[in-house]
Amino acid sequence: MKILVINAGSSSRKYQLFDLPDGGVLTAGLVERIGEASSRVNHTVFRNGESHKITRDLPLKDHRAGLQQVAELLMDAEVGVIADAAEIDAVGHRVVHGGEQFSQTTVITPDVKFAIERLSPFAPLHNPPNLQGITVAEEVFPDAVQVAVFDTAFHQTMPPHAYRYAIPNEFYDEHGIRVYGFHGTSHLYVSRRAAEMLGKSPAETNVITAHLGNGASMAAVAGGRSIDTSMGFTPLPGLMMGSRCGDLDPAVVYYLGTKLGKSFDEIDRILNKQSGLIGITGVNDLRDIESRAAAGDAQAELALEMYAYRIKKYIGAYAAALGRVDALVFTAGVGENSDTIRARACAGLENLGFRLDAAKNAGRKKTATAIHAEGSPVKIFVIPTNEELEIARQAYEVVGR
Ligand code: ADP
């Protein structure tokens, strides 16, 4: 079954074409700067263990033109992998917010599109482009089943004591203000892989997952189900991130407004775009911060300690929430590549059962790797995430049913 996965952002579109169950990824690409004078399509074809990259610079006036260009590349006489658009059986769409309505991957109908639109106030930067991605894909691939995979869905198994905020009931009852959580597809994928690595079924495995990318979140996964996660009503709380502040006394917002005269829009920008690693060091790429810290920059050192300390606190919290932890997983850009952050986050947790092996931890990890010391009660893994593959698998399951 040929499944195209689309991750639609505001000005860019990422896509991958899979041949499931056995063929793996056939092509992957990115369409950027849609609507600008010159757009760019980066398209990579995987064949016989080799990859072949094609870059096209051309004007693409809108997202429809962007996806049509992708369809042409997929059917290209030389580099194409399909002969006809009708060969695409399903298109799996990443949709950020599914609210309480969507706890499962869902075949898209007009009602589902309406619901995604209705949820847009909860994710104003994401749901509208996600929805547009769906509409365009329906036009370009009319014969394919369109499927939505929600970032929030995996966390819908959280119990009320974890997802409710201790504010007056009406804000939940009437306005849906609660913890939703994000990165669900990644937490699901790596927690399942961790169970595989332990030789157990997800149902009998308790895992703490740390997705550390530009955005970062952790989850407590008990028996294959998310029971808590560090992001909340929005992706702002929890860990310190590239540019987001993470956990913060909500009274700081009040103070910024009433005492410092900041508007709501300014506060939103400060906390989402100018905080986190950027707020402390001026940059959001951890590689730069690590080299600055190694060169003796005190601010960079502070940022690394703050970043790792938050992760450590959540490891402790989720160990308490789970009672028994079988594995801790690091994933995404920072989790897969930064041995410094992994080591700092686990330092001092030996008596809680988390014992890292410094030699195994050293370096970047391109494949799933165990990094715990011999005899460590909790196994510690680095598992490269693959949200696109997980989306394709879920679409495959839903369409094959
Ligand atoms: P996104 O959330 O945008 O998908 P990624 O998962 O790709 O993010 O993670 C991006 C981040 O990973 C970068 O901003 C950088 O901080 C970090 N990163 C990438 N490579 C390295 C590396 N070699 N060492 C340390 N950090 C890295």
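Since we're looking at a predicted model, the values are computed, not measured. (Residues numbered from 1 in each chain as written. Predicted model: local features only at pLDDT ≥ 70, side-chain atom pairs only at ≥ 80, totals over all residues. Heavy atoms only, no water.)

Draft legend 1. Representation of the overall build of the protein in the model. The helix and strand tally for the protein stands at 15 helices and 14 strands. Compactness check: the protein gives a C-alpha radius of gyration of 22 Å against a globular reference of 21 Å for 401 residues, within 12% of the reference. Taken over the C-alpha atoms alone, the protein extends approximately 60 × 55 × 45 Å along its principal axes. Burial analysis of the protein (401 residues in total) assigns 49% to the buried set. In the protein, the proportion of contacts linking residues at least 24 apart, taken out of those at least 6 apart, comes to 61%. Carbon and sulfur atoms make up 51% of the accessible area of the protein, which amounts to about 18200 Å² in all. (Helix = DSSP H or I, 4+ residues; strand = E, 2+ residues; numbered from the N terminus. Rg over C-alpha atoms; globule rule 2.2 N^0.38 Å. Buried < 20%, exposed > 50% of the residue type's maximum accessible area, 1.4 Å probe, protein only. Contact = heavy atoms within 4.5 Å. Areas by Shrake-Rupley, 256 points an atom, 1.4 Å probe, with all protein chains shown as cover.)

Draft legend 2. Main features of the layout of surface pockets. When its volume is computed, the second largest pocket comes out at roughly 460 Å³. Surrounding the second largest pocket, 21 residues form its lining, Ser-103, Gln-104, Leu-188, Arg-192 and Gln-394 being those nearest its centre. Of all the elements in the fold, those that place two or more residues in the lining of the second largest pocket are strand S8 (145–150), helix H6 (184–198) and helix H15 (387–400). The element contributing the most residues to the lining of the second largest pocket is H15, with six residues. Class assignment for the residues of the lining of the second largest pocket results in seven nonpolar, nine polar and five charged. (1 Å grid on protein atoms, 1.4 Å probe; cavity = no way out; pocket = protein on both sides within 12 Å on 5 of 7 lines; lining within 4 Å. Points joined across faces, edges and corners; volume = space filled by probe spheres on them. Nonpolar A, V, L, I, M, F, W, Y, C, P; charged D, E, K, R; others polar.)

Draft legend 3. Highlighting the site of the ligand. As a matter of local geometry, the ligand sits amid 14 residues, with Asn-214, Leu-286, Arg-287, Gly-333 and Asn-337 nearest to it. Contacts to the ligand include Val-334, whose backbone N or O atom sits 3.4 Å from an oxygen atom. The contact in question runs from a nitrogen atom of the ligand to an N or O atom on the side chain of Asn-337, over 3.4 Å. Burial of the ligand by the protein amounts to 71% of the accessible area it has alone, namely 580 Å². Mapped by element, the contributors of at least two residues to the shell around the ligand are helix H10 (286–294) and helix H12 (332–337). When its residues are assigned to classes, the shell around the ligand shows three nonpolar, seven polar and four charged. (Near = heavy atom within 4 Å. Polar contact = N/O pair within 3.5 Å; in protein donor to acceptor, adjacent residues only side chain to side chain.)

Draft legend 4. Local environment of the pairing of S8. Of all six residues in S8, five are buried; the element is thus mostly enclosed. One ladder, built from six bridges, connects strand S6 (residues 88–95) with S8; its direction is parallel. Bridged to Arg-94 within S8 is Val-149. Bridging between strand S7 (residues 106–107) and S8 involves two bridges; their strand directions are antiparallel. Residue pairing for S8: Thr-106 is matched across the bridge by Ala-148. (Pairing = 2+ DSSP bridges.)

Draft legend 5. Region of interest: the nonpolar core. Judged by nonpolar contacts, the single largest core of 41 residues is most densely connected at Ile-208, Leu-212, Ile-311, Phe-330 and Phe-354. Mapped onto this core, the elements with two or more residues apiece are strand S9 (206–212), strand S10 (216–222), H10, helix H11 (298–322), strand S12 (327–331), helix H13 (339–346) and strand S14 (379–382). Per-element tally for this core: the top contributor is H11, with 11 residues. Counting residues in each nonpolar core, the second largest holds 26 residues, with Leu-67, Leu-73, Val-136 and Ala-144 among its members. (Core = buried A, V, L, I, M, F, W, Y, C linked by side-chain atoms within 4.5 Å.)

Draft legend 6. Local environment of the side chain of Lys-2. When you line up the elements, Lys-2 lands in strand S1 (residues 2–8). In this structure, Lys-2 is buried with no salt-bridge partner, the nearest side chain bearing the opposite charge being Asp-19 at 4.2 Å. (Lys, Arg positive; Asp, Glu negative; His and termini not counted. Salt bridge = Lys/Arg side-chain N within 4 Å of Asp/Glu carboxyl O.)

Draft legend 7. Examining empty space enclosed by the protein more closely. In this structure the tally under the stated criterion is two cavities of 30 Å³ or more. Those elements that provide at least two residues to the lining of the largest cavity are strand S2 (13–19), helix H1 (63–74) and helix H3 (127–140). Considering every element that reaches the lining of the largest cavity, the biggest residue donor is H1, with four residues. Among the residues forming the lining of the largest cavity, the class breakdown is seven nonpolar, three polar and two charged. Approximately 40 Å³ is the volume found for the second largest cavity. Around the second largest cavity sit Ser-191, Arg-192, Ala-195, Pro-202, Thr-205, Val-207, Val-221 and Gly-224, which together line it. Top element by residues in the lining of the second largest cavity is H6. It accounts for three residues. Here the residues of the lining of the second largest cavity are counted per class, giving four nonpolar, three polar and one charged.

Draft legend 8. Here's a closer look at the environment of Tyr-180. Relative to the helices and strands, Tyr-180 is located in the loop between helix H5 (169–173) and H6. The exposure class of Tyr-180 is buried, given its relative accessible area of 2%. Non-local contacts of Tyr-180, meaning those with residues more than four positions away in its chain, are made with His-97, Gly-99, Glu-100, Phe-122, Thr-152, His-155, Gln-156, Met-158, Gly-232 and Phe-233. At a separation of 2.6 Å, a polar atom in the side chain of Tyr-180 contacts the main-chain carbonyl oxygen of Gly-176.

Draft legend 9. Main features of the pairing of strand S5 (residues 50–58). Examined bridge by bridge, strand S4 (residues 39–47) and S5 share nine bridges and lie antiparallel to one another. Residue pairing in the sheet places Arg-40 in a bridge with Asp-57 of S5. As consecutive antiparallel partners, S4 and S5 are separated by two residues, and within that stretch Asn-48 has a phi angle of approximately 50 degrees, a positive value.

Draft legend 10. Up close: H3. For H3, which comprises 14 residues, the first-to-last C-alpha distance of 20 Å matches the rise-based estimate of 20 Å (1.5 Å per residue) to within 8%. For H3, every residue scored as buried is listed here: Asn-127, Pro-129, Asn-130, Leu-131, Gly-133, Ile-134, Val-136, Ala-137 and Val-140. Where H3 is buried, its residues contact S1, S2, H1, S6, helix H2 (110–118) and S8. (Expected span 1.5 Å × (residues − 1).)

Draft legend 11. Expanded view of the sheet that holds strand S3 (residues 24–32). With mixed pairing, the eight strands of this open sheet are ordered in space as S5-S4-S3-S2-S1-S6-S8-S7. A single partner strand is all that each edge strand has here, and the edge strands are S5 and S7.

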